[in-house]
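Overview (structure and organization)
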Amino acid sequence: VQLQASGGGVVQAGESLRLSCAASGRTLRGVATGWFRQALGKEREFVAATTRTGGGTVYSNSAKGRFTISRDIAKNTVYLQMNSLNPGDTAVYYCVADASIISSSLSNQMQWHYWGQGTLVTVSS
């Protein structure tokens, strides 16, 4: 699976942004998908993920209530809608996919097989 993330940019605190991740090489049906992020000088951290069936979602505490992960199987694309952004959300965001990851491991970056190239989100105060 090849993943191409897009949609990053510079926004003001409180604004919204939607990231997209277009997949190619195989359908996302039956594939878990997710987002991680890495801020400058910090470790990469989990943001959100869907289960392989797409019927379940998991969010980090920082993302819960503000971010929404979704996917369009027909377009083979995963989205991350981010609302109420704050400077702490500034990071490079990576989309991920894996066909065999189990639900209890969705927040573990070591368990994801496919990674996109990342898109930079900058939130100014």
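See the structure above.
This text gives an overview of the structure that appears in the document. (Residues numbered from 1 in each chain as written. Predicted model: local features only at pLDDT ≥ 70, side-chain atom pairs only at ≥ 80, totals over all residues. Heavy atoms only, no water.)

**Section: the pairing of strand β5 (residues 45-50)**
Note the threshold: A simple rule labels every residue: compare its accessible area, found with a 1.4 Å probe on the protein chains alone, to the largest value its type can have, and call it buried under 20%, exposed over 50%, or partly exposed in between. The helix and strand labels rest on DSSP assignments: H or I over at least four residues marks a helix, E over at least two residues marks a strand, and numbering proceeds from the N terminus. By the convention used here, strands pair only if DSSP detects at least 2 bridges between them.
Of all six residues that make up β5, five are buried, and the element is covered over most of its length. Summarising the sheet, strand β4 (residues 32-38) and β5 pair through five bridges and their orientation is antiparallel. In the sheet register, G34 faces β5, and the bridge partner there is A49. Linking β4 back to β5 in an antiparallel pair, the connection comprises six residues, with G41 at a positive phi of about 80°. Pairing analysis gives three bridges linking β5 to strand β6 (residues 57-59), with the strands arranged antiparallel. Within the sheet, the bridge partner assigned to A48 lies in β6 and is Y59. If you look at the hairpin formed by β5 and β6, you'll find six residues sitting between the two strands, and G54 has a positive phi there, around 85°.

**What to know about the pattern of salt bridges**
To keep it simple, the criterion reads: For this document, the term salt bridge refers to a Lys or Arg side-chain nitrogen within 4 Å of an Asp or Glu carboxyl oxygen.
The final tally for this structure, using the stated rule, is three salt bridges. With its nearest N and O atoms 2.5 Å apart, the salt bridge here joins E45 to R37. E45 gets classed as partly exposed once you look at its relative accessible area, which sits at 34%. In this structure, R37 engages D89 in a salt bridge whose closest nitrogen and oxygen atoms are separated by 2.9 Å. Here D89 lies in the loop between β8 (77-82) and β9 (91-98) and R37 lies in strand β4, a separation of 52 residues in the sequence. What makes R37 buried here is its relative accessible area of 6%. The exposure class of D89 is buried, given its relative accessible area of 1%.

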